[in-house]
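# Architecture and fold: a report
Each chain, written out:
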Amino acid sequence: MPANPEMIRLFKAELELCKLRPDETLAVLTEGEEKRDFAEAFLAAGEEIGATTFHLNLARKPQRPGEKLKRTAITGNQPAIEALKNADIVVDLLGLLWSAEQKQITDAGTRMLMVREPYEVLARMFPRESLRRRVEAAQRMLEAAKTLRITSAAGTDVTYRLGAYPVMTQYGYTDTPGRWDHFAGGFLYTGAHDDGVDGTVVINTGDILYPFMRYVAAPIRLRIEKGWVKSIEGGGFEGDLMRDFIARYNDPRAYAVSHIGWGMDENAQWDFLGTSRIAAQTTGVDGRAFMGNVLFSTGPNLELGGKNDTGCHLDIPLKACSLSLDNKPIVDHGRLVPKELQATA
Ligand code: FE
């Protein structure tokens, strides 16, 4: 099946943002039959640039629910891992995020681009250098901060003591050795000291629970002490989903507070899950990257350099919160405050 010319054009522009050069090697990673059309188009785009390309296709090995460690199709397949370490850039169409294998590959200096969103989302949220500039301006603010506080009208008041972990950015492409990014979406995050989160988070009506891909219908109240979620109260059906999902892992580390940050992408749509005919295909970049959200999460901190590698990870974008760094307002009721972070910058 010949690759779609429009898709090849979009993916070539993406690889150009990633500064793929003719003397470099592009690897495309897939499992089973999934995303074959994307693989074909990325390979064609890489060939147009003049790079050396190869396609690594693995047998499908779905994660077994409740498993503590993240297992992927490449777990334990050292020859395949070595092949990817030897590439300059890996287009990851299977999703190695949060796996130990991803860290091995990026530690070798290989840049990695995960591509999981449907084509329509990639086109709508196509990365741009202005987004990178704004995200990197936000990164400098977050790196300089000692404390991060989030408040909301719904009752959230939680403080993160910062400084133990790096700030991670996403702006949709990667041109830096060893750097991972995700095609589409701009946001940033870091983690607190392992014992450095205290307070209350209220996941309000209309906020989003990933991986459930659902808007919350009734507020869920989390009490957090020294970096651990101590109680999850209320929330009706979605509250039960969250409590049962975490309990199923039978892993105390699943109750850790994970990364914290905010969304920067003016092209993300909060209503996407509820309004798009392709909502079932998204992994949820719209809610995660939505400009002015606060992205709260629980579970592993391996990606930040921490030791918690629990397989139980929840990303929970909170809308209309206020976020301050060392008492300086960054997000005010869902609006970015500093001029250099705003979409017009
Ligand atoms: Fe996450």
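No experiment lies behind these values; they were computed from the predicted model shown.

## Considering the coordination of the iron ion
Around a metal, the idealised angle for a tetrahedral arrangement of four donor atoms is 109.5 degrees; for an octahedral arrangement of six donor atoms it is 90 or 180 degrees. Those protein atoms acting as donors to the iron ion are His 259 (NE2), His 313 (NE2), Asp 315 (OD) and Asp 315 (OD), and they sit at 2.1 to 2.6 Å. One can describe the donor arrangement at the iron ion as irregular, given that its four donor atoms subtend angles of 52 to 121 degrees at the metal.

## Examining the domain arrangement of the chain
One can read the domain layout of the chain as domain 1 (5-116) and domain 2 (127-341). On a C-alpha basis, the centres of domain 1 and domain 2 stand 25 Å from each other. Listed by partner, the interface residues are 27 residues for domain 1 and 30 residues for domain 2. In this assembly, domain 1 packs against domain 2 so that about 2400 Å² is buried in total across both faces, 62% of it on carbon and sulfur atoms. For Lys 19, the salt bridge is made with Asp 175, and the minimal N-O distance between the two is 2.9 Å. Counting every contact that joins domain 1 to domain 2 gives nine residue pairs in polar contact (both at pLDDT 80 or more). For the side of domain 1 that touches domain 2, the elements supplying multiple residues, two or more each, are helix H1 (5-17), helix H4 (100-107) and strand S4 (111-114). Of the residues contributing to the side of domain 1 that touches domain 2, the split by class is 15 nonpolar, six polar and six charged.

## Concerning the sheet that holds strand S15 (residues 257-263)
With antiparallel pairing, five strands are arranged side by side in an open sheet as S7-S9-S15-S16-S17. Two strands bound the open sheet, and with one partner strand each, they are strand S7 (168-170) and strand S17 (314-318). Taken over all neighbouring pairs, the strand axes of this sheet differ in orientation by 20 degrees on average, direction set aside. Bridging between S15 and strand S16 (residues 294-298) involves four bridges; their strand directions are antiparallel. What sits directly across from Val 257, in S16, is Thr 298. Contacting S7, strand S9 (187-190) and S15, helix H6 (residues 129-144) runs over the sheet at an angle of about 20 degrees to S9.

## Side note on the packing of H1 against helix H2 (residues 36-49)
One can describe the packing of H1 onto H2 by two numbers: an axis separation of 8 Å at closest approach and a directional angle of 60 degrees. The orientation of H1 with respect to H2, classified from their angle, is oblique. The two elements H1 and H2 meet at a crossing, and its hand is right-handed. Contact with H1, carried on its side by Met 7, Ile 8, Phe 11, Lys 12, Leu 15 and Glu 16, involves Asp 37, Phe 38, Ala 41, Phe 42, Ala 44, Ala 45, Gly 46, Glu 48 and Ile 49 of H2 and no other residues of that element. Across the contact of H1 with H2, the residue classes break down as 10 nonpolar, one polar and four charged.

About the thresholds
Residues numbered from 1 in each chain as written. Predicted model: local features only at pLDDT ≥ 70, side-chain atom pairs only at ≥ 80, totals over all residues. Heavy atoms only, no water. Donors = N, O, S within 2.8 Å, 3.2 Å for Na, K, Ca; no water. Tetrahedral: all angles 85-135°; square planar, octahedral: opposite > 155°, others 65-115°. Domains from an automatic or database assignment. Contact = heavy atoms within 4.5 Å. Buried area = accessible area lost by both parts, 1.4 Å probe. Salt bridge = Lys/Arg side-chain N within 4 Å of Asp/Glu carboxyl O. Polar contact = N/O pair within 3.5 Å; in protein donor to acceptor, adjacent residues only side chain to side chain. Helix = DSSP H or I, 4+ residues; strand = E, 2+ residues; numbered from the N terminus. Nonpolar A, V, L, I, M, F, W, Y, C, P; charged D, E, K, R; others polar. Pairing = 2+ DSSP bridges. Axes fitted to C-alpha atoms, helices over the stretch in contact; angles between N-to-C directions. Parallel < 35°, antiparallel > 145°, perpendicular 65-115°, else oblique. Left-handed = near helix turned anticlockwise from the far one by under 90°.

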